[in-house]
Amino acid sequence: MRNMTVSATLLVMLLIPASARAQNGGAGTASTADSACSYHECALGIVPTWDGLAVVRGSSGPRVANLHFFWPRDVSVALRGDPLAIGADSAATGARRAISFRRVGAALTDLGVLASGVALVSGMRAGRLRTEERVVGGAGIAAFLVSLPLQFAADRALSHAVWWHNVRYGR
């Protein structure tokens with residue numbers, strides 16, 4: 001029985017980093033602060049770019065992800081980081097919500113711009129805007145307007161995901 005206890009203790013010590021054990025009094029759970037990286041170096045921030053919102057690391061700003069406006073890609077892996085860190089699952093959930101909102105918003109934005117563009121070009125070729133062009137153009141403008149709150153919801157969800165990611169660097 002004693003050998004099993006010693007073996008289990010050694011296994012736990014090998015699996016859990018020493019910094020996590022030290023910060024939690026040896027409890028063996030994820031730490032509240034990531035000692036391998038400071039807030040100044042590793043916390044994430046959001047920077048607007050021409051095609052979306054870039055997620056940058058630290059004060060130097062290398063880009064780790066981008067929530068694109070037109071063709072969004074998954075950013076949850078970059079925001080989750082270490083899956084055992086405090087807030088990692090909340091950061092990943094927020095990032096998935098952001099990408100979900102952004103995909104719907106981007107589809108409506110793209111559809112709205114395309115429909116409005118087709119109506120405008122067709123009307124210019126005909127020399128006037130016929131009823132068909134007005135309907136298609138109006139539908140395009142409506143799709144674009146409906147996409148705006150979804151784009152802002154994606155921005156808000158991304159902001160929450162970044163906040164949850166940065167919780168691990170708090171003191």
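Residues numbered from 1 in each chain as written. Predicted model: local features only at pLDDT ≥ 70, side-chain atom pairs only at ≥ 80, totals over all residues. Heavy atoms only, no water.

Okay, the packing of aromatic side chains next. One pass over the structure, following the stated rule, counts 3 aromatic pairs. A centroid spacing of 5.0 Å and a plane angle of 85 degrees characterise the contact between W163 and W164, whose relative ring orientation is edge-to-face. (Phe/Tyr/Trp six-rings, centres within 6.5 Å; stacked < 30°, edge-to-face > 60°.)

A few words on the nonpolar core. With 15 residues, the main nonpolar core has V55, L67, V75, L79 and L158 as its most contacted residues. Put simply, the parts of the chain that give this core at least two residues each are strand 2 (52–57), strand 3 (63–68), helix 5 (88–126) and helix 6 (131–166). Broken down by element, the residue count for this core peaks at 5 residues, all from helix 6. Those residues in contact with L79 that lie beyond four places of it in its chain are L44, V55, A91, A95, L158, A161, V162, H165 and R168. (Core = buried A, V, L, I, M, F, W, Y, C linked by side-chain atoms within 4.5 Å. Buried < 20%, exposed > 50% of the residue type's maximum accessible area, 1.4 Å probe, protein only. Helix = DSSP H or I, 4+ residues; strand = E, 2+ residues; numbered from the N terminus. Contact = heavy atoms within 4.5 Å.)

Following the criterion strictly, the structure yields 3 salt bridges and no others. Between R130 and E132 there is a salt bridge; the shortest N-O distance is 3.7 Å. The network of salt bridges with common partners includes R130, E132 and E133. (Salt bridge = Lys/Arg side-chain N within 4 Å of Asp/Glu carboxyl O.)

Reading across from one edge, 1-2-3 is the order of the 3 strands in this open sheet, with antiparallel pairing throughout. Each edge of the open sheet carries a strand with a single partner, namely strand 1 (44–49) and strand 3. Within this sheet the neighbouring strands show an average axis-to-axis angle of 25 degrees, counted without direction. Direction of pairing for strand 2 relative to strand 3: antiparallel, over a ladder of 5 bridges. Within strand 3, the position partnered with G52 by the bridge is H68. Sheet contacts for helix 6: strand 1, strand 2 and strand 3; angle to strand 1, the most-contacted strand, approximately 155 degrees. (Pairing = 2+ DSSP bridges. Axes fitted to C-alpha atoms, helices over the stretch in contact; angles between N-to-C directions.)

As a further point, take helix 6. Look at helix 6: 53 Å from first C-alpha to last across 36 residues, which is about the 52 Å you get at 1.5 Å a residue. Its maximal kink placed at L148, helix 6 deviates by approximately 25 degrees, while the proline P149 follows within four residues. (Expected span 1.5 Å × (residues − 1). Bend = angle between axes of the 7 residues up to and from the residue.)

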